[in-house]
Each structure stands twice: as C-alpha cells, then as structure tokens.
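# Close look at the chain arrangement
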Amino acid sequence: MTNEKNKYLTIFESLTDPVFIVDCDGKIESMNYAGSLMINGNSVPGDRTYGNQYNKIDFIETFPFLRKTYDDFIDSRKSIKHYEISLDNESKHFFTSFARSLDISGKFTAIIVDIQDITDRKNLEKKLELLATTDPLTGARNRRYFLDLFEQELLRYKRYHHP
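Since we're looking at a predicted model, the values are computed, not measured.

Once that is clear, we can look at the environment of lysine 158. Here lysine 158 is to be found in helix H6 (residues 143–160). Residues lysine 158 and tyrosine 8 lie 150 residues apart in sequence; the distance between their C-alpha atoms is 55 Å.

With respect to the secondary-structure elements, aspartate 114 resides in strand S5 (residues 108–117). For the buried aspartate 114, no salt bridge is present, and the opposite-charge side chain at shortest range is arginine 121, 11 Å distant. Here the side chain of aspartate 114 touches glutamine 116 through a polar contact of 3.4 Å, side chain to side chain. Not counting chain neighbours up to four residues away, the residues in contact with aspartate 114 comprise Asp17, Pro18, Val19, Phe95, Thr96 and Ser97.

Below, the discussion takes up the nonpolar core. Phe20 and Phe59 are the most contacted members of the largest nonpolar core, which totals 18 residues. The set of elements that each furnish at least two residues to this core consists of strand S1 (19–23), strand S2 (28–31), helix H3 (59–62), helix H4 (67–76), strand S3 (80–87), strand S4 (92–102) and S5. Beyond its immediate chain neighbours, meaning those up to four positions away, phenylalanine 59 contacts Phe20, Val22, Gly26, Ile28, Leu66, Tyr70 and Val113.

Turning next to the pairing of S5. Sheet topology places S1 next to S5; five bridges connect them, and they run antiparallel. Paired with valine 19 across the two strands is aspartate 114, which belongs to S5. As paired elements, S4 and S5 share nine bridges and run antiparallel to each other. Within the sheet, the bridge partner assigned to alanine 99 lies in S5 and is isoleucine 112. The hairpin turn running from S4 into S5, its antiparallel successor, is five residues long, and glycine 106 in that turn takes a positive phi close to 90 degrees.

What counts and what doesn't
- Along each chain, residue indices are assigned from 1 in the same order as the chain's sequence is written.
- With pLDDT at 70 or above as the cut-off, local features in this predicted model cover only qualifying residues; side-chain atom pairs require 80 or more to be listed or tallied, and sums for whole chains, interfaces and linings still use all residues.
- To get the side-chain values, all heavy atoms of the structure are used, and hydrogens and water are removed first.
- Secondary structure elements are defined from DSSP: runs of H or I of at least 4 residues count as helices, runs of E of at least 2 residues count as strands, and each element is numbered from the N terminus.
- Only protein chains enter the accessibility calculation, which uses a 1.4 Å probe; a residue whose area is less than 20% of its type maximum is buried, one above 50% is exposed, and one in between is partly exposed.
- Within this scheme the basic residues Lys and Arg register as positive and the acidic residues Asp and Glu register as negative, but His and the chain ends are omitted.
- By definition here, a salt bridge exists when the distance from a side-chain nitrogen of Lys or Arg to a carboxyl oxygen of Asp or Glu is within 4 Å.
- Pairing of N or O atoms within 3.5 Å defines a polar contact, subject to two protein rules: one partner must be a possible hydrogen donor and the other a possible acceptor, and residues neighboring in sequence count only if both atoms are side-chain atoms.
- Here, two residues are considered to be in contact whenever any of their heavy atoms come within 4.5 Å of each other.
- In this description, a nonpolar core means a group of buried Ala, Val, Leu, Ile, Met, Phe, Trp, Tyr and Cys residues linked to one another through side-chain atoms lying within 4.5 Å.
- Note: two strands are recorded as paired if DSSP finds a minimum of 2 bridges between them.

Spatial relationships are all this shows, so hold off on functional conclusions.
Right, here's the structure in full:
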C-alpha cells in the first residue's frame, strides 16, 4: 500500500496546475506543490502541503473570485463541472474544474479543484482574431470581418424585424 500511496502522491505533486482538496466545510484539506506556490509564492515540493496547517484556510476567502462557481458547483449536484472565469477587466483568465470526491460508500467527502491560468492562451486568441479580421498592411478590416458583421446584423434584423 505504501508504494501505491507514494505513486499517487508523486503524481499529485507533479501536476503543473494548482490542485486543491477542499473539505465539506470549505477548508483546504490538501494541495499540491503548484497550489502551494499559488498561495505562498514559494514552496518546496511536499513541504507542509499535507500537514494540518492548511486545514484552517478557507478556500473562498483565499480565492474570492471562485465564490460564484464554487456555490454553483455545490448546488448543481453534478460530479464534475468546468468553468471559465475572467478577472479584472479580462486581464486574467482561469479555467477551473470542480470534482466531487466520494469515499468507497459513495459518500461526498471533498471537492477537488483544479485551477488553470489560461491568460496567455486568451491573449493569443485575441491576437489571432485580430490577425484573421484585419489586413496586415493597412490595418483595415477585411472581408471576413464584414461577413461576420453582416451575419450578426442579419440575425438582429430577424429578431427585431428592423435594421
């Protein structure tokens, strides 16, 4: 059993995304190295991540921007749910996954929360959208942009029956 436990702890610690295990009272029960870095700014792998000192940390107080998604997940009764969150006028973007952890009898024991920072990806998507809709030489909007705009206006006309 010890080898099996060590294998899972190694996998948990090796994940590059912050992962938190939150108990039924909303307190952080455990976190991986990336999670510890997110909260503390610096850490040593395995150092204090499995100790009792994090049991006092409230997950929502630590991550207030996740309150709405956390509450939605609790209310949903689904086993897994994913959310995309934008902060501070869309300067920061996160993809979060919430999953219910069930014991062997099927009883809900904790929530596993995975937080991915997707800000770079979102910024690249914006740049790609701009490249796809503008002429690189003049900066003027191109045919694709006008076709998309036309489609939006046509849908609006159909909905409201006037231009």
